[in-house]
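Working through the structure, step by step
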Amino acid sequence: MKKIFCLVFFFGLFMPLTSCSKKAEQKADVSIWHWMTDRQDAFEKLAAQYEKENGVKVIFETYAPSEVYRDKVRAAASGKLLPEIYSPLGDKRELAAYINSGYVADLTDEMNKGWKNIFFNKPLGQSTYSEGNEWKVKPGIYGVPFDVNAILIFYNKDLFKKAGLDPEKPPKTWNEFIETGKKLKAAGIQPFATGFGEPWLVGAFVASYEWNLLGKEGMIDTIKGKIKYTDPLWIRVIGLLDEMRKNGMFAAGVATMVNKDAERTFATGRAAMAFNGSWGVNVYRGMNPQLNYGVMLPPSISDAKHPLLIFGGEGSSFNINPNSPNKEKAIAFLKWLTAKEQQLLLAEETLNIPSNKQALENLSPILKEFARNIEKTFPSLPVVESWQVTNVINTGLQAIIIGEKNPETIAKEIQTEKENQQKKNQLK
């Protein structure tokens, strides 16, 4: 089997780069490349503390935006110039390519010394490969998570009050959700504004209902081709967005709205609800510190036979370059960075949920609500749908939102693409 996402192809993409990198001015014992400009100050504070305590100089270098960062990492891997700590910033398939090419250290032995016990299961799982994985990676743990996220529905308590709704009792079922939207609409309030112009976000919203109505086995059987996308359960999943549209739930332009615009719409009180991630806490604080809001789980389908799960549970992770002479120093630093005291500081400075489940006590009530629901995020499946089919699903959902097509038509289009991909795979 050919290596997935051949790195020769990746590195052939490299061209001279410009970035907003913060360059290291003096040689570091441990260099860390990352893309998170909003966390650089906190990282530098921690690096200075670590050097004072341990005499080891750690330098964080920022490369942004994320596309520039990824190209930087690909080029450095090609030239064997990777720093001690970095991240390929891709999905599990892409990380597997770096592992199989010898650019990511296996941390299983270190994790089994008790280190792995501090983490939430889901963020650790994004860098963990089990026996028989499709990418032929040696089973083990290859990354160190340092924060975690989840996606819930934010709601504006003041707008709920204005519409005669109880702000302390948000809707829990789908029918209650639709009725809430009707009351908001009747009060002249846009019910729901989210960045559904970004395909992954509309896919993340609907994924909760895929789990709710089909369950894990149903989703696996769909990916394997045993259940068709034209099955009534799938048509019902797709039809949920059609029901929202027919009941006037969506803010104007939501099908083409990027999430940053949706965040601004919610932060300025022009919509009562927004499907967004835990990072929204930091975003809304910057946009409107006085915003009075709560968060709720996506409302479940009353007659569904499976639990409703949510998107998320992963977050940001670092990987270690196994070829660095300072590999052990890098491991020691990441153990320190993910310890409780440092995780508390990171959470306080960046308003992100720490990956260390022992470091939650100082979180705001909203972030604690996100943290409480981390275990409700859906797990990774042993099989993955092709990107071609996923693309047809997500663009089809956008067509539903604007009323361009109906659920049955979209289901047929998805199934047609599924069958096309199955034929192509059989010919390989």
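Criteria and thresholds
Residues numbered from 1 in each chain as written. Predicted model: local features only at pLDDT ≥ 70, side-chain atom pairs only at ≥ 80, totals over all residues. Heavy atoms only, no water. Core = buried A, V, L, I, M, F, W, Y, C linked by side-chain atoms within 4.5 Å. Buried < 20%, exposed > 50% of the residue type's maximum accessible area, 1.4 Å probe, protein only. Helix = DSSP H or I, 4+ residues; strand = E, 2+ residues; numbered from the N terminus. Contact = heavy atoms within 4.5 Å. Expected span 1.5 Å × (residues − 1). Phe/Tyr/Trp six-rings, centres within 6.5 Å; stacked < 30°, edge-to-face > 60°. Lys NZ or Arg CZ within 6 Å of the ring centre and 35° of its normal. Pairing = 2+ DSSP bridges. Salt bridge = Lys/Arg side-chain N within 4 Å of Asp/Glu carboxyl O. Axes fitted to C-alpha atoms, helices over the stretch in contact; angles between N-to-C directions. Parallel < 35°, antiparallel > 145°, perpendicular 65-115°, else oblique. Left-handed = near helix turned anticlockwise from the far one by under 90°. Nonpolar A, V, L, I, M, F, W, Y, C, P; charged D, E, K, R; others polar. Right-handed = clockwise from strand over helix to strand, strands pointing away. Polar contact = N/O pair within 3.5 Å; in protein donor to acceptor, adjacent residues only side chain to side chain.

Turning to the nonpolar core, a few remarks are in order. Counting residues in hydrophobic clusters, the biggest one holds 81 residues, and the most contacted among them are Phe192, Phe196, Phe205, Leu241, Met244 and Met273. With 13 residues, helix α9 (residues 199-223) is the single largest residue contributor to this core. Beyond its immediate sequence surroundings of up to four residues, Phe192 is in contact with Ile153, Phe177, Phe205, Met244, Met249, Phe250, Ala251, Val254, Met273 and Phe275. In terms of nonpolar packing, the next biggest core, distinct from the first, is built from 50 residues, Met36, Leu95, Tyr129 and Tyr142 among them.

Below, the discussion takes up helix α3 (residues 66-78). Its 13 residues give α3 an end-to-end C-alpha distance of 18 Å, which sits within 8% of 18 Å, the value for a rise of 1.5 Å per residue. Along α3, the residues that are buried comprise Val68, Tyr69, Val73, Arg74, Ala75, Ala76 and Ala77. One or two positions beyond α3, positive phi appears at Lys80, with a value near 55°.

Under the defined criterion, the tally for this structure stands at 38 aromatic pairs. Aromatic pair Phe146 and Phe318: ring centres 4.5 Å apart, planes at 25°, arrangement stacked. Note that Phe146 is positioned in the loop between β6 (144-145) and β7 (147-148) and Phe318 in strand β11 (residues 317-320), a separation of 172 residues in sequence. Pair check on accessibility: Phe146 and Phe318 agree, each one buried. Counting every residue linked through ring pairs, the aromatic cluster contains Trp174, Phe177, Phe192, Phe196, Phe205, Tyr209, Phe250 and Phe275. Just above the ring of Tyr129 sits the side chain of Lys92; from NZ or CZ to the centre is 5.2 Å.

Here the focus is the pairing of strand β10 (residues 293-296). Residues Tyr293 and Val295 of β10 are buried on one face, and the alternating residues Gly294 and Met296, pointing to the opposite face, are buried as well. With four bridges joining them, strand β8 (residues 151-156) and β10 adopt antiparallel strand pairing. Bridge pairing in β10 links Ile153 to Met296.

As a further point, take the pattern of salt bridges. Per the stated rule, a full pass over the model turns up 22 salt bridges. Across the pair Glu349 and Lys45 runs a salt bridge, and its minimum N-O distance is 2.7 Å. In this pair, Glu349 sits in helix α14 (residues 340-350) while Lys45 sits in helix α2 (residues 40-54), placing the two residues 304 residues apart along the sequence. Relative accessible area serves as the criterion here: at 41%, Lys45 is assigned to the partly exposed category.

All right, on to the packing of helix α10 (residues 232-246) against helix α17 (residues 407-427) then. At a minimum axis separation of 9 Å, α10 and α17 run at an interaxial angle of 130°. Regarding the angle of α10 to α17, the classification is oblique. Handedness of the α10/α17 crossing: right-handed. From α10, Ile235, Ile238, Gly239 and Asp242 reach across to α17, where they touch Pro407, Glu408, Ile410, Ala411 and Ile414. Of the residues belonging to the contact of α10 with α17, the class tally is six nonpolar, one polar and two charged.

Most of strand β2 (residues 58-62) is tucked away, with five of its five residues classed as buried. Burial along β2 is two-sided: Val58, Phe60 and Thr62 and Ile59 and Glu61, pointing in opposite directions, are all buried. Where strand β1 (residues 30-34) lies against β2, five bridges are found, and the strand directions are parallel. Along β2, the bridge assignment pairs Ser31 with Ile59. In the classification by handedness, the crossover that spans β1, the intervening α2 and the parallel β2 is right-handed.

In this section: the environment of Ser324. Relative to the assigned elements, Ser324 resides in the loop between β11 and α13 (327-337). Once the C-alpha coordinates of Ser324 and Ala105 are considered, the two residues, 219 residues apart in sequence, prove to be 10.0 Å apart. A polar contact is formed between the side chain of Ser324 and the side chain of Glu84, at a distance of 2.9 Å.

Right, let's get into helix α8 (residues 174-186). Along its 13 residues, α8 runs 19 Å from first to last C-alpha, staying within 8% of the 18 Å computed at 1.5 Å per residue. Considering only its buried residues, α8 is in contact with β8, α7 (157-162), α9, α10, β9 (273-277) and β10. Phi turns positive one or two residues past the end of α8, at Gly188, with a value near 80°.

Strand order in the open sheet formed by three strands is β9-β8-β10, with antiparallel pairing between adjacent strands. Unpaired on one side and paired on the other, β9 and β10 mark the two borders of the sheet. Strand-to-strand twist across the sheet, computed as the mean angle between neighbouring axes with direction ignored, equals 35°.

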